[in-house]
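Here is how the chains run, residue by residue.
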Amino acid sequence: MTRGRTNHLIIIAVVSIVGFLVGFGIAPRPVALQPLPVPDHISQVAYSGPLILTNVNQSVLGAETIDPVDFVNEINKAREQAGSPPLRLSTTLMRAANMRAQVIQKYQNFSHQDPHEGIELGTVLPKLNYHFTYATENIGMGGVSAPDFVNGFMHSTTHKANLLDPTLTDTGAAFVDGRYKQYYVNYAVQLFAIPGGREEYLGYKDHDRELYEAELAAVKAHLHPLVWAVGFIRRNPLYTGGYRTKLMKQKRILETVLTRMRESQPLNNADVALILEFNTLL
C-alpha cells in the first residue's frame, strides 16, 4: 500500500470518527453565524455638573426646611413661561433623590459620582426598579429657599436646560442640610427622567438574549478542537490562523455583551460598538 493511499485512508477514518462523534453529540455541529440584532436605542444617563450658589458661605443652621414640592412648583412656573409641559412628581424619583442627597451630605461629597456607597443616578434608579429611556440630574448647594435654588439653576446653562427641557416628563427632588467644609449648607438634588418599559430601558428583549446565547454556542462550536481538526484535514481554506483569531474576537464580544444581559443590565454605547464590530467580522 502506498504512502499516499495510507494517508488518504487515515483522513477518511478521522473524518468518519469525527462525524460519528458529531452525530452522537460528543462533538458540536457547527452552524453558520448570523448578524446580531442591534438595539434601536439605549437608555441614557446625563449630568449637568454640580452648582455652588454664591451664598454658600451663608449658614442655614436653624433655617426653615425647603419643601421639594414647592421647589418643583417653582420650576413648573418657569416651564409654563417657556412653553414646556409641567413635570410630574414621581414618588420613586423623590425617593431616589433623597437617597442621593443623603449620601452627598453624609460624605460631604458634592459630586454626581458616589465612590462610597455607589448611590448615583445610574445605579439608584435600577435599585428602585425605575425603568427609563433617559435620566439626568441637577445638584446644587448653598441655596436658602426653593426660589433661591431655582434662580441659581436658571442662571446656569446646563442646569437650566434640564429645568426647561420639554421632553423630560418625570421628576423628584430632595433637600438636606449639613456641613460642607467649614460651612453649614443646604444640598439640593433633582432627578429628571423619561420613563420607559423594561425592554426600552435594557435595550434588548429576552428573545434577543436567547439569540446571543445561541450565537455564542455557534462560535464555540466552530472553535471546537474536533471540528477544527476536520476542517484542517479537509484543507478547508477557512481554517487558518486568521479565521481562528476572528472567531476568538467574536467569542470575547459575545461574552462581554452577554455578561450584562445575564445580569439584566442595560446596554451602553460601548456594547453597541461591540455588536457592530461583531457584525462586520461576519
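Nothing here was measured: the structure is a model prediction, and the numbers come from that model.

**Focus: the overall build of the protein**
Next, step 1: Scanning the protein from terminus to terminus reveals eleven helices and five strands.
Next, step 2: Looking at the protein as a whole, 43% of its 282 residues qualify as buried.
Next, step 3: Here the contacts in the protein between residues at least 6 apart in sequence split such that 76% fall between residues at least 24 apart.
Next, step 4: A total of about 14,800 Å² of accessible surface is found on the protein, and carbon and sulfur atoms cover 54% of it.

**Regarding the packing of aromatic side chains**
Next, step 1: Enumeration over the complete set of coordinates arrives at seven aromatic pairs.
Next, step 2: Taking the centre distance of 6.2 Å and the plane angle of 70° together, the rings of F71 and F153 count as edge-to-face. Within this pair, whereas F71 is found in helix 2 (residues 68–82), its partner F153 is found in helix 5 (residues 146–154), the two being separated by 82 residues in sequence. Here F71 and F153 have matching classes, each one buried.
Next, step 3: Following the ring pairs from residue to residue traces out a cluster consisting of F71, F149, F153 and F175.

**Side note on the sheet that holds strand 5 (residues 183–195)**
Next, step 1: Across the sheet, five strands lie side by side as 1-3-5-4-2; this open sheet has mixed pairing. The sheet is open, and its two borders are formed by strand 1 (44–52) and strand 2 (88–89), each paired with just one other strand.
Next, step 2: Helix 5 contacts strand 1, strand 3 (132–141), strand 4 (170–180) and strand 5 of the sheet and is inclined by roughly 110° relative to strand 3.

**Concerning the packing of helix 5 against helix 6 (residues 157–164)**
Next, step 1: Viewed as axis vectors pointing N to C, helix 5 and helix 6 meet at an angle of 115°, and their least axial separation amounts to 6 Å. Compared by their axis directions, helix 5 and helix 6 come out roughly perpendicular. Facing helix 5, whose interface residues are V150, F153 and M154, helix 6 presents H159, K160, L163 and L164.
Next, step 2: A class-by-class count of the residues in the contact of helix 5 with helix 6 yields five nonpolar, one polar and one charged.

**Some remarks on the nonpolar core**
Next, step 1: Ranked by internal contacts, the top residues of the largest apolar core, which has 51 residues, are L125, Y187, L191 and Y212.
Next, step 2: It is helix 10 (residues 241–262) that contributes the most residues to this core, seven residues altogether.
Next, step 3: Judged by nonpolar contacts, the second largest core, of 16 residues, contains F71, L168, A173 and A188.

**Some thoughts on helix 6**
Next, step 1: Turning to helix 6, its buried residues number three or more, namely H159, N162, L163 and L164.
Next, step 2: Residues of helix 6 that are buried in the fold lie against strand 1, helix 2, strand 3, helix 5 and strand 5.

**Some remarks on the pairing of strand 4**
Next, step 1: Taken across its eleven residues, strand 4 has nine buried, putting it largely inside the fold.
Next, step 2: Pairing of strand 2 with strand 4, which is carried by two bridges, proceeds in the parallel orientation. The residue bridging R88 from the neighbouring strand is D170, located in strand 4.
Next, step 3: Sheet topology places strand 4 next to strand 5; eleven bridges connect them, and they run antiparallel. Following the sheet pairing, V176 is matched in strand 5 by Y187.
Next, step 4: Between strand 4 and strand 5, which pair antiparallel one after the other, the connecting turn spans two residues, and K181 there sits at a positive phi close to 60°.

**Let's talk about the pairing of strand 3**
Next, step 1: The buried count for strand 3 comes to nine of ten residues, which makes it a mostly enclosed element.
Next, step 2: Pairing between strand 1 and strand 3: seven bridges, direction parallel. Bridge pairing in strand 3 links Y47 to E137.

**Things to note about unusual backbone geometry**
Next, step 1: The backbone phi angle of N129 is positive, close to 60°, even though this residue is not glycine.
Next, step 2: Tracing the sequence through the fold places N129 in the loop between helix 4 (121–127) and strand 3.
Next, step 3: Notably, K181 is not glycine yet its phi reads approximately 60°, a positive angle.
Next, step 4: With respect to the helices and strands, K181 occurs in the loop between strand 4 and strand 5.

**Quick word on the environment of H41**
Next, step 1: Its location among the elements puts H41 in the loop between helix 1 (3–23) and strand 1.
Next, step 2: For the pair formed by H41 and N268, sequence separation is 227 residues and the distance between their alpha carbons is 9.4 Å.
Next, step 3: Not counting residues up to four positions away in its chain, the partners in contact with H41 are E200 and G203.
Next, step 4: Here E200 takes part through its backbone oxygen, which lies 3.3 Å from a polar atom of the side chain of H41.

**So, the environment of A193**
Next, step 1: Positionally, A193 belongs in strand 5.
Next, step 2: Look at A193 and you get buried, because its relative accessible area is 0%.
Next, step 3: Separated by 58 residues in sequence, A193 and A135 have C-alpha atoms that sit 4.2 Å apart.
Next, step 4: If we skip the residues at most four places from it in the chain, A193 touches L93, Y130, Y134, A135, L168, T169 and D170.

Reading guide: rules and limits
Residues numbered from 1 in each chain as written. Predicted model: local features only at pLDDT ≥ 70, side-chain atom pairs only at ≥ 80, totals over all residues. Heavy atoms only, no water. Helix = DSSP H or I, 4+ residues; strand = E, 2+ residues; numbered from the N terminus. Buried < 20%, exposed > 50% of the residue type's maximum accessible area, 1.4 Å probe, protein only. Contact = heavy atoms within 4.5 Å. Areas by Shrake-Rupley, 256 points an atom, 1.4 Å probe, with all protein chains shown as cover. Phe/Tyr/Trp six-rings, centres within 6.5 Å; stacked < 30°, edge-to-face > 60°. Pairing = 2+ DSSP bridges. Axes fitted to C-alpha atoms, helices over the stretch in contact; angles between N-to-C directions. Parallel < 35°, antiparallel > 145°, perpendicular 65-115°, else oblique. Nonpolar A, V, L, I, M, F, W, Y, C, P; charged D, E, K, R; others polar. Core = buried A, V, L, I, M, F, W, Y, C linked by side-chain atoms within 4.5 Å. Polar contact = N/O pair within 3.5 Å; in protein donor to acceptor, adjacent residues only side chain to side chain.

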